[in-house]
Amino acid sequence: MRRWSSPRRRRGAGAARCGWCGPGRSPRRSGAPAGRRATCRGWTSCRRRSWSTSGRGWPRWSATTRACWWTCRRCTAPRRRRSSRRPARRTWSSSARAGAAGSPRSCWARSRSSACGTATARSSSCGTRRRTPGTRAPGRRARSPVGLRRRRRRPPSRPPPSRVADPSPVRVRPPEAPAAARPPCSPRPPSSSWPRLWPGGGRRATDSDPHTTRTPPHGCAPCGERAGAARAKYCARVARPPQPSLGGQLRALRRRAGLTQEELAERAGLTAHAVSALERGTRTRPYPHTLRALLDALGADAAERAALLAAARPAPAEEREARAPLPSLDVPSTPLVGRDADVDAVLGLLAAGRRLVTVTGTGGVGKTRLAAAVAARAAGSYPDGTAAVALAAVPDPSALLPAVAAALGVPGDQGEGPAAALSAHLRPLRLLLVLDNLEHLLGDGSAAERVAALVAAAPGLAVLVTSRAPLRVRDEAEHPLRPLDVPAGRPSLAAVEASPAGALFLERVRAVAPDRPLGDADAAAVAELCRRLAGIPLALELAAARARALPPRELLARLAETTPASGGARDLPARQRTMTATLDWSHGLLPPEQQALLRALSVVQGGCSLAAAEAVGGALGVDVLPALEGLVEHSLVVAGVHEGRARYLLLEPVAEYARARLSGGELAAVRAAHRAFYLALAEEAAPEYYRGEQVAVLRRMVVEEPNLACAAEIALEDGDGEAAARIAWAMWLHCWLRGRLTLSTEPAERALGHDLVPYWRVRAHMTLGALGFAAGRRAASQEHYTAAQAAAEASGDRLGTGQAVAGHGLNALAGGDAAAAEDLFLQALVLAEGEGLQGDWLQSLVHAWLGTVRLLGGDPDGARAQALLGLERARARGDRLAAYVALYTLSEAALAVADPGGARAHLLEGIRLSAETADLANLAYFLEALAVVEAAGARHHRVAVLVGAADALREQVGRRVYGYYLPDEALRARAVEDARSALGDDAYDDTLDAGRSLTTEAAVAYALATGTDEVVL
């Protein structure tokens, strides 16, 4: 169905003239279906419709030239015929009217010489038949005085193809010529469907039909005729497909929401007149906040928002086509790895209406690559495109706006400043502007103010900034870009490649050394490389560039030699060809006080608290808090939170860079401050390991383990063995519970080589004796307990003597000498009496160990009594360690008297406490004991799962510790044998493997869920 256009009212004309039906008429067209009228609304528009579906074309009336344009079927170009008021009658051959299969179509041009250059004749060179004015085809009725009458035709089932033969007495087209030999005016080749005709003449151009062009409303481009200069612009506008208007889209969204204009205006806080003006098209450039209010009121989704915003301020087509290409960032062609979530997050900020977004991050983290990816993805949302300006070479803030104006091609000789010229240029545009590397211009804040003023002056402008520090202006949205996630543990090569940092490193290695095979043997080295380089993409790429000469394991061994100063790709900026150059750039932007704090923080290992930063920074006279904020802003220090407290971390490449610049008196002062702070921290936390604060202090101090080891090392290097011994003694129970034995054993052993006072010599030997027993080295443990007891007795250290005697009792108990163990434990109880917190802690443990001695002597009731004494003391302090030692003894005593229910209750409580302290070695004993209890109830499936989980925990710990636990191995073996017999070998092995695959949390949850046998992996 085709729509007819009519002329508008001419200036000075009396009545409205319609090119089809004349002044003021609304006749019924003879060919229209019954009951349907084609109405005329005078000068506004003509609603006449063409009921023809034959696809032959249609006339278009022009009031300006008083001419009628017809589409030529032969070359799909419009033809012009002068007319005074209305189009002439259309005629065609009787064979075509009759629907003959091979009839060619009549050419509808009516002038003496057609636009194709053919003469007026009965048949034209197009292969179509012409008729001279005043004639009519045989069997046709005369022209109607009102309009054109024609017989209604049934449309064909499909658009008719081009004919090559016709039995009727009209001229037949010549056979088709090959495409290469066909002249410009030759008939269009056959096609499966007729192309859609656009108003104004011509057809939409298609790639499959090069002869089809969008032609002007006069002249024939395929025939070589050219339109006049006055019509060229009109031609381009008419031939372009119509774009959806702002008003049309807004009206469609409103109607979909079921709102009237008044209701929408009330929701959006506007007037009904404003909504009406937008829908009618009288207002085509609304403010962005007006559009956002309307979209929020309509509940539009992201796609609808983008479409409406794109239609709001489209630049004229001719201006967009004539505009010079916008500048872009020079980025490598390699793929962007591991940044999909960051790209989506930045796009989400822009889509939410944030017009100033800053991507911050340390040097080499990939801010420029991310900005380029965001600009490419967001290009469709900005009608005027995206532009990017690299600012690394801009010397000072005053040159910022001139540099942006020069990149955008804004003329600067118009008698106005660069800010005014740039604002005037950007004000009518909807543009995304990327400002790359702005950090060195932020010193006095003037650059940030200029950017904020530019955003405020151009309502359709969005600015994406990359900087190592935020701008700190209003309405800024910051997106911190973190380093890539690194592989955890000792994974396989596939698991390494699944992490973003590992995937980037392996992709670059394969690019530079495609012939080098990589397997699981290289996975550990690659994972450690990624961790050492902190997941910084630039550092990973620089290290991977050395893979031509070094495999991953050798690359890891020579990491310090290859990464900081090694050259990168030649197409990178000079400041990014080495990590040293990159960090030089960042370091040079810092004021002296921030540079000093960065050097001081380089001695910290694994991050630090604010108090620690104040301690080491204060050694250099730095006002720490403002300087620390500056380092965080410049992305040289990463801020985080652990257990509700702020922590600050230097990434390893940054720490190595800063450490190389710390020397002389500064180095000595900072090391001394670090050692003193962490010694005090360890001794302050030590009493909490014996009380109810165990879990909290364990979680708090676990992140300080690298700093505590560093402080002990500094003390030993500086010759202060006492400080090292004090740190080792303060942390020994932490090491026991966490299984990190070497954290205290190494400094304690080295401290014994220094001149120590008797008190600290006793504590150094006690540390080595206790942790040696936990590690299963009973002979070494016995030697250290003997030395500790001798030194304590010589110095009159009663508590030290009692602890050494209890240690001897433990070794005797583990060696099977129950009688000697009982005598030693009874002595220790007496020596620990009245010795404060540590004395009470020792007594609770000794009671639990005496219960084990009674149990070995065949006295389960006596064992239960002693264990209950120890449990009571432990619960009074909130001590989980002493409590679950007593609970294990109670469970063994219950099994000895055939009370599996009582044993299960004690074991479940012990499993919960072990999980709270993350004592995996202790948890393994409790899971095995619970498996024995489940065997008594013939729950063989649970037996296999629990045994498998216990084996996996022991493999994780690496040894079988806690010699004071003496379970009945015969009961365990019998439980395993019964389960294997009941389930069968294959089913038992499968269930055992299922238990081995459980995580610690899953194993605890399974053990506590006593009502189910199902394993949830």
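Residues numbered from 1 in each chain as written. Predicted model: local features only at pLDDT ≥ 70, side-chain atom pairs only at ≥ 80, totals over all residues. Heavy atoms only, no water.

Under an unreviewed UniProt entry, the name given to the protein chain is XRE family transcriptional regulator, and the organism recorded is Vallicoccus soli.

Moving on, we come to the overall build of the protein chain. Counting its secondary structure elements, the protein chain contains 42 helices and 13 strands. Going through the 1017 residues of the protein chain one by one, you find that 50% of them count as buried. Considering only residue pairs separated by 6 or more positions, the protein chain has 67% of its internal contacts joining residues 24 or more positions apart. A total accessible area of about 45,300 Å² is found for the protein chain, and carbon and sulfur atoms account for 52% of it. (Helix = DSSP H or I, 4+ residues; strand = E, 2+ residues; numbered from the N terminus. Buried < 20%, exposed > 50% of the residue type's maximum accessible area, 1.4 Å probe, protein only. Contact = heavy atoms within 4.5 Å. Areas by Shrake-Rupley, 256 points an atom, 1.4 Å probe, with all protein chains shown as cover.)

The next point concerns the sheet that holds strand β9 (residues 461–467). Taken in spatial order, the five strands make up an open sheet running β7-β8-β9-β6-β10, and their pairing is parallel. A single partner strand is all that each edge strand has here, and the edge strands are β7 (386–390) and β10 (477–480). Adjacent strand axes in the sheet meet at a mean angle of 20 degrees, parallel and antiparallel pairs treated alike. The sheet strands contacting helix α9 (residues 340–351) are β6 (356–360), β8 (431–436), β9 and β10, and the helix crosses β10 at an angle near 180 degrees. (Pairing = 2+ DSSP bridges. Axes fitted to C-alpha atoms, helices over the stretch in contact; angles between N-to-C directions.)

Scanning all chains against the criterion turns up 42 salt bridges. A salt bridge links R954 to E928; the nearest nitrogen and oxygen atoms lie 2.8 Å apart. Of this pair, R954 sits in helix α39 (residues 940–957) while E928 sits in helix α38 (residues 920–936), and the two are 26 residues apart along the sequence. Among the ionic pairs, R972 bridges to E928, the shortest N-O distance being 2.8 Å. Of the two residues, R972 sits in helix α40 (residues 969–983) while E928 sits in helix α38, which places them 44 residues apart along the sequence. Judged by its relative accessible area of 7%, E928 is buried. (Salt bridge = Lys/Arg side-chain N within 4 Å of Asp/Glu carboxyl O.)

Quick look at the pairing of β8 now. Taken across its six residues, β8 has six buried, putting it largely inside the fold. Burial along β8 is two-sided: the residues L431, L433 and L435 and L432, V434 and D436 are all buried. Across five bridges, the pairing between β7 and β8 is parallel. From the neighbouring strand, A388 faces β8, where its bridge partner is V434. Bridge count for β8 against β9 is six bridges, and the pairing is parallel. Residue pairing for β9: L433 is matched across the bridge by V463. Regarding the hand of the β-α-β motif, the stretch spanning β8, helix α13 (residues 446–457) and β9 is right-handed. (Right-handed = clockwise from strand over helix to strand, strands pointing away.)

Take the packing of aromatic side chains next. Summed over the entire model, instances satisfying the criterion amount to 13 aromatic pairs. Here the aromatic rings of Y884 and F926 are separated by 6.5 Å at their centres, their planes lie at 80 degrees, and the arrangement is edge-to-face. Residue Y884 is found in helix α36 (residues 880–896), and its partner F926 is found in helix α38; the two are separated by 42 residues along the sequence. By relative accessible area, which is 0% here, F926 ends up buried. Here the aromatic rings of F926 and Y965 are separated by 6.5 Å at their centres, their planes lie at 85 degrees, and the arrangement is edge-to-face. Placement of the pair is F926 in helix α38 and Y965 in the loop between α39 and α40, with a sequence separation of 39 residues. Looking at Y965, the relative accessible area reads 4%, which means it is buried. (Phe/Tyr/Trp six-rings, centres within 6.5 Å; stacked < 30°, edge-to-face > 60°.)

On the secondary structure map, V1004 appears in helix α42 (residues 1000–1008). In this structure, the C-alpha to C-alpha distance between V1004 and I911, residues 93 residues apart in sequence, is 7.0 Å. Those residues in contact with V1004 that sit more than four places away from it in its chain are I911, A915 and L923.

Bringing the sheet that holds strand β12 (residues 638–642) into the picture now. Read from one edge to the other, the open sheet built from three strands follows the order β11-β13-β12, with strand pairing classed as antiparallel. Here the strands that pair on one side only, and so sit at the sheet edges, are β11 (608–609) and β12. In this sheet, strand β13 (residues 645–649) lies alongside β12 in antiparallel orientation, the contact comprising five bridges. The residue of β13 that forms the bridge with V641 is A646.

Ranked by size, the top nonpolar core spans 173 residues in total, and within it F505, L601, W736 and L927 carry the most contacts. The element that contributes the greatest number of residues to this core is helix α28 (residues 721–738), accounting for 13 residues. When sequence neighbours within four positions are dropped, the list of residues in contact with L927 reads I911, L946, A949, A950, L953, A1003 and A1007. Ranked by size, the runner-up nonpolar core spans 33 residues in total, among them L441, V451, V455 and L461. (Core = buried A, V, L, I, M, F, W, Y, C linked by side-chain atoms within 4.5 Å.)

Each C-alpha atom, one on F926 and one on Y888, is 7.3 Å from the other, the two residues being 38 residues apart in sequence. Excluding its chain neighbours within four sequence positions, the residues that come into contact with F926 are Y884, Y888, H906, L907, G910, I911, S914 and Y965.

Our focus in this paragraph is helix α23 (residues 624–633). Turning to α23, its buried residues are V624, A627, L628, G630, L631 and E633. Where α23 is buried, its residues touch α21 (592–601), α22 (610–618) and β13. Among the residues trailing α23, S635 stands out with phi positive, at a value near 65 degrees.

On to the packing of helix α31 (residues 778–795) against helix α32 (residues 798–814), then. The angle between the axes and the distance between the axes are what describe a pair of packed helices. Closest axis-to-axis distance for the α31/α32 pair is 8 Å, and the angle between their directions is 155 degrees. One element, α31, and the other, α32, form an angle in the roughly antiparallel class. Classified by chirality, the crossing of α32 by α31 is left-handed. Along the contact surface, α31 presents R778, S781, Q782, Y785, T786, A788, Q789, A792 and E793, while α32 presents G800, T801, Q803, A804, V805, G807, H808, N811 and A814. The class makeup of the residues in the contact of α31 with α32 is six nonpolar, ten polar and two charged. (Parallel < 35°, antiparallel > 145°, perpendicular 65-115°, else oblique. Left-handed = near helix turned anticlockwise from the far one by under 90°. Nonpolar A, V, L, I, M, F, W, Y, C, P; charged D, E, K, R; others polar.)

Counting through the fold element by element, R942 comes out in helix α39. Relative accessible area serves as the criterion here: at 0%, R942 is assigned to the buried category. In this structure, the C-alpha to C-alpha distance between R942 and G995, residues 53 residues apart in sequence, is 9.1 Å. Here the side chain of R942 touches E934 through a polar contact of 3.2 Å, side chain to side chain. (Polar contact = N/O pair within 3.5 Å; in protein donor to acceptor, adjacent residues only side chain to side chain.)

Before going further, it helps to examine the confidence of the model for the protein chain. Predicted confidence across the protein chain gives a mean pLDDT of 75, with 70% of residues reaching 70 or more. Counted against residues more than four places away or in other chains, residues 233–240, with its pLDDT under 50, gives twelve contacts. Counting interchain partners and residues more than four positions distant, the pLDDT-below-50 stretch residues 562–571 has 26 contacts. (pLDDT = per-residue confidence, 0-100.)

Next up on the list: the side chain of T360. Among the secondary structure elements, T360 is positioned in strand β6. Since its relative accessible area comes to 3%, T360 is described here as buried. The residues touching T360, leaving out its near neighbours within four places in the chain, are K367, S467, A469, P470, E478, H479, P480, L481 and S635.

As a further point, take the packing of α38 against α39. Running from N to C, α38 and α39 cross one another at 165 degrees; their axes reach a closest spacing of 8 Å. One element, α38, and the other, α39, form an angle in the roughly antiparallel class. For the pair α38 and α39, the crossing hand works out as left-handed. Residues L920, A921, L923, A924, Y925, L927, E928, L930, A931, E934 and A935 of α38 touch α39, and the partners they reach there are R942, V943, L946, V947, A949, A950, D951, L953, R954, Q956 and V957.

Turning next to the side chain of E934. In this fold, E934 is placed in helix α38. Accessibility expressed as a relative area gives 0% for E934, which makes it buried. A distance of 3.3 Å separates polar atoms of two side chains, one belonging to E934 and the other to R904. With residues near it in sequence (within four places) discarded, E934 still touches R904, R939, R942, V943 and L946.

A few words now on unusual backbone geometry. At D475, a residue that is not glycine, the phi angle is positive and equals roughly 70 degrees. Among the structural elements, D475 can be located in the loop between β9 and β10. A relative accessible area of 65% places D475 in the exposed class. Although it is not a glycine, A918 sits at a positive phi angle of roughly 55 degrees. Note on placement: A918 falls in the loop between α37 (900–917) and α38.

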